[in-house]
Amino acid sequence: MVKKVVTGNYAAAYGSMRARVRCVAAYPITPQTFIVEHISEFVNNGEMDCEYVEVESEHSAMSTCVSASATGVRTFTATSSQGLALMHEILPIASGMRLPVVMAVVNRAIAAPINIWVEHNDIMPERDSGWIQVFCDNNQEVHDMVLQAFKIAEDKRVALPMTVGLDAFILSHTVEPVDLMDQEAADKFLPKYVPPGPILDPDDPAVVGVFTPPEYMMECRWNQDKAMREAPKVIEEVNAAFAKQFGRNHGGMIDPYMVDDADVVLITLGTASSTAHEVVDDMRKEGKKVGLVKLRFWRPYPTAQLRKIAEKAKAVGVFDRAVSYGVAGPSFIELRNAAYGLTVPTMNFIGGLGGRDVSLADIRFMYERLLEAAKTGKIRREITWMGTRGVEQ
Amino acid sequence: MKLKEMPDEELFTRGHTACAGCGAAIAARNLIKVLGKDTVAVTPACCLLIFSATYPLAAWKIPFHHVAFENTAACATGIKRALKVRGKDDTTVMGIAGDGGTADIGIQALSGAAERNEDILYVMYDNEAYMNTGIQRSGSTPFGAWTTTTPVGKVKAGKANFKKDMPQIMMAHNVPYVATASVGHIQDFINKFEKAKKIKGFRYIQVYTPCPTGWRHDTSKTIEICKLAVDTGMWTLYESENGKVTINRKPKMTPVQEYLKLQGRFRHMTEADIKKLQDWATKKWQADEKYAQCKSA
């Protein structure tokens with residue numbers, strides 16, 4: 001193990017090398033580009049034994065990954081924003097074929113207006129693509145989750161593709177100290193690739209991805225849904241195995257902080273969690289009973305776990321770095337589903353869009369509003385657009 | 001390999017559901033006999049997918065793959081790279097798509113794979129329209145042809161533009177092998193697939209495959225139409241091996257009228273339009289011949 005100060009993009013690329021990925025097809029896009037550059041360097045320096053395909057688009061990147069995976073090799077790619085949107089068509093094909101492709105997604109705003117900074121509106125439309133989706137909070141987690149992702153995705157009970165999300169620039173371009181895994185330890189954690197399903201092999205011909213009539217479609221969908229429902233168990237197992245071997249526990253489906261005795265709880269995705277963590281520490285010193293749930297997995301969603309937390313809390317807030325126009329933040333909509341029928345006040349805070357800063361003061365504001373709701377039992381407004389000019393807070 | 005030496009074993013078997021007289025089915029059956037068992041094929045959403053592999057049945061005795069419509073060349077790339085990783089670099093990987101999946105929606109992935117000189121064989125079966133969705137115009141549809149999106153109306157009738165010259169586009173990529181073939185010239189077809197099988201790097205073969213349903217011709221006329229296409233100059237049989245271009249058959253320059261009159265899709269054409277198409281065919285042949293002369297060494 002080497003401790004190095006590296007960017008999130010480097011951490012992701014390094015993780016894919018340690019996972020012994022044998023085929024990468026990728027296309028550059030800001031702010032993901034460094035991931036594919038680093039992988040190219042590893043390959044050209046002979047450090048990574050991998051077929052690197054410099055495809056002409058993200059659509060082809062995902063297509064090449066799908067077919068390489070269907071031919072029985074461990075496959076990785078990375079993208080962001082518009083690139084993810086261009087891949088959209090092929091994402092449900094990867095999951096429908098039950099192929100354990102892993103992809104780093106550097107979360108960036110989707111156009112228009114064109115903007116290269118962090119937002120989660122790029123991945124939210126992929127909610128129902130059938131991919132397992134995790135959001136990371138720091139560069140160590142990015143590195144570790146690339147390895148965990150393969151172990152989760154390749155598990156026969158799951159056999160689904162998975163994205164590892166990292167916030168644009170905040171992680172992708174910011175350096176942090178990261179324990180970079182050595183190959184021996186990585187191999188112990190993630191053994192040699194065994195395809196979870198049939199593959200394209202001239203010695204044992206099979207058809208993969210052919211036309212399927214109504215008589216069989218329901219069963220295909222049912223099995224895919226079943227795999228997603230079983231994934232949380234595998235996610236927790238993999239997290240536990242990783243924590244045992246490496247001494248780093250990033251949490252499974254969720255990573256709760258100071259939640260047990262909390263009056264109010266804020267739920268965050270991605271790097272806003274670190275900021276909120278600081279605010280919780282500060283406010284706890286002031287005697288305020290605030291808690292934080294770092295929501296790690298977006299699909300599958302920890303519905304039952306969050307319902308239990310909501311049952312105990314006096315107010316629950318959700319911070320969203322995305323919006324489902326005319327309704328609310330996507331993560332808030334999920335929480336309301338989880339908390340259906342409960343009387344606990346729930347509030348949505350939408351902010352940090354297109355890379356707008358999310359400060360300690362912003363998070364404190366959210367907690368203050370939640371504490372007020374906990375005290376009065378009433379919410380001032382259900383959806384608050386943080387620091388938006390011309391919009392009442 | 002001579003036609004009579006072709007193996008008896010069918011790797012594209014009976015029971016597929018192609019229409020009678022389908023050129024694409026003739027192409028599939030014969031090309032896989034030449035390429036053999038050590039082949040993996042990928043096809044987009046097209047006639048070939050539907051008539052040859054609908055779960056739980058498949059006519060193929062080789063691994064057969066479908067992903068989407070516009071990415072056949074990218075998928076073939078993925079298969080090839082993965083086979084290389086698995087030590088099966090000698091396996092032939094074939095992407096096989098129609099003209100819509102190749103010349104229109106698939107051209108980006110195709111161009112990318114050709115530019116990277118991926119070690120794959122890309123076959124375009126050219127039936128000159130989107131037949132699987134019900135005969136819509138493609139970039140490969142010839143001038144004047146009726147399709148369901150170039151209907152014969154009171155103001156306009158048939159396709160207003162000329163056929164996209166895909167073989168030339170592919171030759172411009174400077175890949176090891178580009179050829180045109182036809183299911184009506186089977187020995188030439190066998191020779192080309194045999195040759196392509198042995199070459200490393202990117203190979204492109206565009207096969208002329210009539211569609212009785214879409215072209216509105218008698219199902220017994222498929223081969224005759226192929227021969228007329230070549231004889232009239234509507235379809236040039238040629239090949240480019242590492243840039244050296246050879247014409248495989250000179251047209252007799254039979255009037256295009258002879259080719260058109262067998263097909264209902266051209267029935268509405270005016271004399272003026274037929275002359276336009278005749279001029280196009282004449283000029284195209286002249287250009288192809290000149291090109292071959294320039295590239296003869």
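Attention now goes to the overall build of chain B. Counting secondary structure elements, chain B contains 11 helices and 10 strands. Against the globule reference of 19 Å for 297 residues, chain B gives a C-alpha radius of gyration of 18 Å, in line with a compact fold. Counting the 297 residues in chain B, one finds 56% classified as buried. Long-range contacts, defined here as pairs at least 24 residues apart, represent 68% of the contacts in chain B between residues at least 6 apart.

The next thing to look at is the overall build of chain A. Helix and strand counts for chain A come out as 12 helices and 16 strands. The globule rule puts the C-alpha radius of gyration for 393 residues at 21 Å, and the 21 Å found for chain A is close to it. By its C-alpha atoms, chain A is 70 × 55 × 45 Å across when sized along the principal axes. Looking at chain A as a whole, 56% of its 393 residues qualify as buried. For chain A, the proportion of contacts with a sequence separation of at least 24, taken over those separated by at least 6, is 80%.

The subject of this paragraph is the domain arrangement of chain A. Residue and element names in this part refer to chain A. Considered domain by domain, chain A is made up of domain 1 (2-246) and domain 2 (254-385). On a C-alpha basis, the centres of domain 1 and domain 2 stand 28 Å from each other. Listed per partner, the contact involves 28 residues of domain 1 and 19 residues of domain 2. Secondary-structure elements contributing two or more residues to the side of domain 1 that touches domain 2 are strand 6 (132-135), strand 7 (162-167) and helix 8 (214-246). At 5 residues, the largest contribution of residues to the side of domain 1 that touches domain 2 is made by helix 8. Looking at the side of domain 1 that touches domain 2, its residues break down into 16 nonpolar, 7 polar and 5 charged.

The subject of this paragraph is the sheet that holds strand 14 (residues 315-320) of chain A. All names here are of chain A. The strand order across the open sheet built from 6 strands is 10-12-11-14-15-16, with neighbouring strands paired in mixed fashion. The open sheet has two edge strands, strand 10 (254-257) and strand 16 (383-385), and neither has a second partner. Neighbour to neighbour, the strand axes of the sheet diverge by 20 degrees on average, direction disregarded. Two strands pair when backbone bridges link them, and strand 14 and strand 15 (residues 346-350) are joined in this way by 5 bridges, in the parallel orientation.

With that out of the way, let us pick up helix 7 (residues 186-198) of chain B. All names here are of chain B. In this model, helix 7 (13 residues) spans 19 Å end to end at C-alpha, consistent with the 18 Å of a helix rising 1.5 Å per residue. Considered for burial, the residues of helix 7 that qualify are F189, I190, K192, F193 and A196. Along the long axis of helix 7, the arc covered by the buried residues comes to 165 degrees, so they all point the same way. Turned more than 90 degrees from where helix 7 packs its buried face, Q187, E194 and K198 sit exposed. Summarising the contacts, the buried residues of helix 7 are in contact with helix 1 (23-35), strand 6 (121-126), strand 7 (177-182), strand 8 (203-208) and strand 9 (237-241).

Within helix 5 (residues 107-115) of chain B, the full set of buried residues consists of A109, L110, G112, A113 and A114 of chain B. Residues of helix 5 of chain B that are buried in the fold lie against helix 3 (58-70) of chain A together with helix 3 (72-85), helix 4 (99-104), strand 6 and helix 6 (166-171) of chain B. Backbone geometry just after helix 5 of chain B places N117 of chain B at a positive phi near 50 degrees.

The subject of this paragraph is the pairing of strand 5 (residues 102-107) of chain A. All names here are of chain A. The element strand 5 is largely enclosed, with a buried count of 6 among its 6 residues. Of the two faces of strand 5, both are covered, the one formed by V102, A104 and V106 as well as the one formed by M103, V105 and N107. In the sheet, strand 5 pairs with strand 7 via 6 bridges, with the strands oriented parallel. In the strand pairing of strand 7, M103 is matched with T163.

This part takes up the interface of chain A and chain B. As a measure of interface size, the accessible area lost when the parts come together is often cited. Taken together, the contact between chain A and chain B spans 37 residues of the former and 37 residues of the latter. Listing elements by their share of the side of chain A that touches chain B, those giving two or more residues are strand 2 (23-25), strand 3 (51-53), helix 3 and strand 9 (207-208) of chain A. Per element, the largest residue contribution to the side of chain A that touches chain B is 9 residues, and it comes from helix 3 of chain A. Partitioned by chemical class, the residues of the side of chain A that touches chain B number 21 nonpolar, 10 polar and 6 charged. Two elements, strand 9 of chain A and strand 4 (residues 64-66) of chain B, share 2 bridges in a ladder whose sense is parallel. Within the sheet, the bridge partner assigned to V208 of chain A lies in strand 4 of chain B and is H65 of chain B.

Take unusual backbone geometry next. The amide bond that connects A111 of chain A to the next residue, A112 of chain A, takes the cis arrangement and shows omega of 0 degrees. Inspection of the secondary structure assignment puts A112 of chain A in the loop between strand 5 and strand 6. A cis amide bond links R299 of chain A to the next residue, P300 of chain A, at an omega of -5 degrees. With a phi close to 55 degrees, N174 of chain B is a non-glycine residue in the positive phi region. Summarising the element assignment, N174 of chain B is placed in the loop between helix 6 and strand 7.

Turning next to the nonpolar core. Judged by nonpolar contacts, the single largest core of 229 residues is most densely connected at V66 and V164 of chain A. The element best represented in this core is helix 1 of chain B, accounting for 9 residues. When we break this core down by domain, the ones giving at least three residues each are domain 1 (2-246) and domain 2 (254-385) of chain A. Aside from chain neighbours lying at most four places away, what touches V66 of chain A is I90, I93, A94, M97, L99 and V101 of chain A together with V67, C75 and G78 of chain B.

Our next topic: the confidence of the model for chain B. The share of residues in chain B with pLDDT of 70 or more is 100%, and the mean pLDDT across the chain is 97. Taken together, the chains of this predicted complex give a pTM of 0.98 and an interface ipTM of 0.97.

Quick look at the sheet that holds strand 5 (residues 92-98) of chain B now. Taken together, the 9 strands give an open sheet; going across it, the order is 9(A)-4(B)-1(B)-5(B)-6(B)-8(B)-7(B)-9(B)-10(B), and neighbouring strands pair in mixed fashion. Each edge of the open sheet is held by one strand with a lone partner, namely strand 9 of chain A together with strand 10 (244-249) of chain B. Looking at chain direction, strand 1 (residues 39-43) of chain B and strand 5 of chain B are connected through 4 bridges and run parallel. The partner of V42 of chain B across the bridge, within strand 5 of chain B, is G95 of chain B. In this fold helix 3 of chain B packs onto strand 1, strand 4, strand 5 and strand 6 of chain B, with an angle of close to 170 degrees to the strand it touches most, strand 5 of chain B.

With that out of the way, let us pick up the environment of V155 of chain B. Take V155 of chain B: it is sitting in the loop between strand 6 and helix 6. Residues V155 of chain B and P176 of chain B, 21 residues apart in the sequence, show an inter-C-alpha distance of 46 Å.

Parameters and conventions
- Residues numbered from 1 in each chain as written.
- Chains lettered and ligands numbered in written order.
- Predicted model: local features only at pLDDT ≥ 70, side-chain atom pairs only at ≥ 80, totals over all residues.
- Helix = DSSP H or I, 4+ residues; strand = E, 2+ residues; numbered from the N terminus.
- Rg over C-alpha atoms; globule rule 2.2 N^0.38 Å.
- Buried ≥ 20, exposed ≤ 12 C-beta atoms within 10 Å, placed from the backbone.
- Contact = placed C-beta atoms within 7 Å.
- Domains from an automatic or database assignment.
- Nonpolar A, V, L, I, M, F, W, Y, C, P; charged D, E, K, R; others polar.
- Pairing = 2+ DSSP bridges.
- Axes fitted to C-alpha atoms, helices over the stretch in contact; angles between N-to-C directions.
- Expected span 1.5 Å × (residues − 1).
- Arc of directions from axis to C-beta.
- Core = buried A, V, L, I, M, F, W, Y, C linked by C-beta atoms within 7 Å.
- pLDDT = per-residue confidence, 0-100.

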